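# Commentary on secondary and tertiary structure
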Amino acid sequence: MRTLDRHGDQAELVRAEAARDRRWRPLRELVRSTPDLLAAARPCWTASPLVVPQLLPADARFDVVVLDAASSTRLAEVVSALGRGRQVVVVGDPHQAGPSTTLVPQGRPGGSSAFDALRELLPAVRLRTSHGALNEQVVAFAGAHVYDGGVHTLPAASAAGALALEVVDGTGLLVAGQEAVESTDAEVQRVVELVLAHVRARPAESLGVVTLSSAHAQRIEQALRLELSRHPDGAAFVAAEGPERFFVKVADRAQGDTRDAVILSVGFGRTPHGR
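Residues numbered from 1 in each chain as written. Predicted model: local features only at pLDDT ≥ 70, side-chain atom pairs only at ≥ 80, totals over all residues. Heavy atoms only, no water.

## With respect to the overall build of the chain
Cut-off, in case you're wondering: Under the scheme used here, helices are H or I runs from DSSP no shorter than 4 residues and strands are E runs no shorter than 2 residues, and both carry numbers assigned from the N terminus. We take the radius of gyration over the C-alpha atoms and set the globule estimate at 2.2 Å times the residue count to the 0.38 power. Partly exposed describes any residue whose relative accessible area lies between the buried limit of under 20% and the exposed limit of over 50%, with all areas from a 1.4 Å probe on protein chains only and scaled to the type maximum. The criterion used for residue contact is that any of the two residues' heavy atoms lie within 4.5 Å. Note on areas: these come from Shrake-Rupley sampling with a 1.4 Å probe, and a residue is covered only by the protein chains present in the view.
Looking only at helices and strands, the chain features 11 helices and 7 strands. The C-alpha atoms of the chain give a radius of gyration of 24 Å, which is well past the 19 Å a tight globule of 275 residues would have. Counting only C-alpha atoms, the chain reaches 75 × 45 × 45 Å along its principal axes. Taken over 275 residues, the chain has a buried fraction of 30%. Pairs at least 24 apart in sequence give 65% of the contacts found in the chain among residues at least 6 apart. Surface summary for the chain: the accessible area is close to 17800 Å², and the carbon and sulfur share equals 54%.

Here it is in structure tokens:
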């Protein structure tokens, strides 16, 4: 109310804009004309860093800019957002794959992230408790093998096993243009079987298939499309309306996604000669 009293001209402009049913001003222009009123009415803004330059004029300022998922974002993509903050908080995980990079056969994620660049400049605080929906056993596995035992979670509601290993014949033929065997028939077939088993046993639970190469993801999608055409229940599960219940994605594009169950399909195999 104090802002309304102090900036009556801005209030009139916003009211006039809200009364329109078409031909609205671009938000960037509206922010430039009514910065005090919009900041008071909506003190917290959420946007992709890529659209910040389109939404906000260069001189727009926020007390704090929080950059989330900085490990999967390039520095060049967030400079505009960072430049509009008086203080910056960067959230990320150095163990995640880099921004929009598919793991290559040598296992090297390509490209540095905004988190990698900014962690050299800012004081760091390491969070040690996971408050997400991950199962306790999954977090314990990651904590032991990736985070040196430094990550913990709240006790799980169920003591049922959350991890299982499926071993297949990891032998295949090289495909022209690929440096390694990125997908094997046996693994593709086993993933299809596991997806169908999930649909039959737990149709109410969501499922994700994560691979380590795009070639393997494409082969799994093709095999699933063919197999699901013979199973109406499976086709309905994949095509269900509402929140996405099923996906097949490469690992770097699955970061941040949470599903009731996840199949991690490595894909890479040996040639018939053992390479």
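## So, the sheet that holds strand β6 (residues 246-250)
Inclusion rule: Note on pairing: two strands pair once DSSP finds at least 2 bridges between them. Interaxial angles span 0 to 180 degrees and are taken between N-to-C directions of axes, which are lines fitted to C-alpha atoms, for helices over the stretch in contact.
Read across the sheet, 3 strands follow the order β6-β5-β7 without closing on themselves; strand pairing throughout is parallel. Each end of this open sheet is capped by a strand with a single partner; those strands are β6 and β7 (261-265). Looking at each pair of strands side by side, their axes are set apart by 15° on average, direction ignored. With 5 bridges joining them, strand β5 (residues 207-211) and β6 adopt parallel strand pairing. Looking at β6, one finds that T211 is bridged to V250. Sheet strands touched by helix α9 (residues 185-201): β5, β6 and β7. Its angle to β7, the strand with the most contacts, is close to 175°. Relative to the sheet, helix α10 (residues 214-228) contacts β5, β6 and β7, its axis offset from that of β6 by approximately 155°.

Geometric values such as these leave the question of function open.
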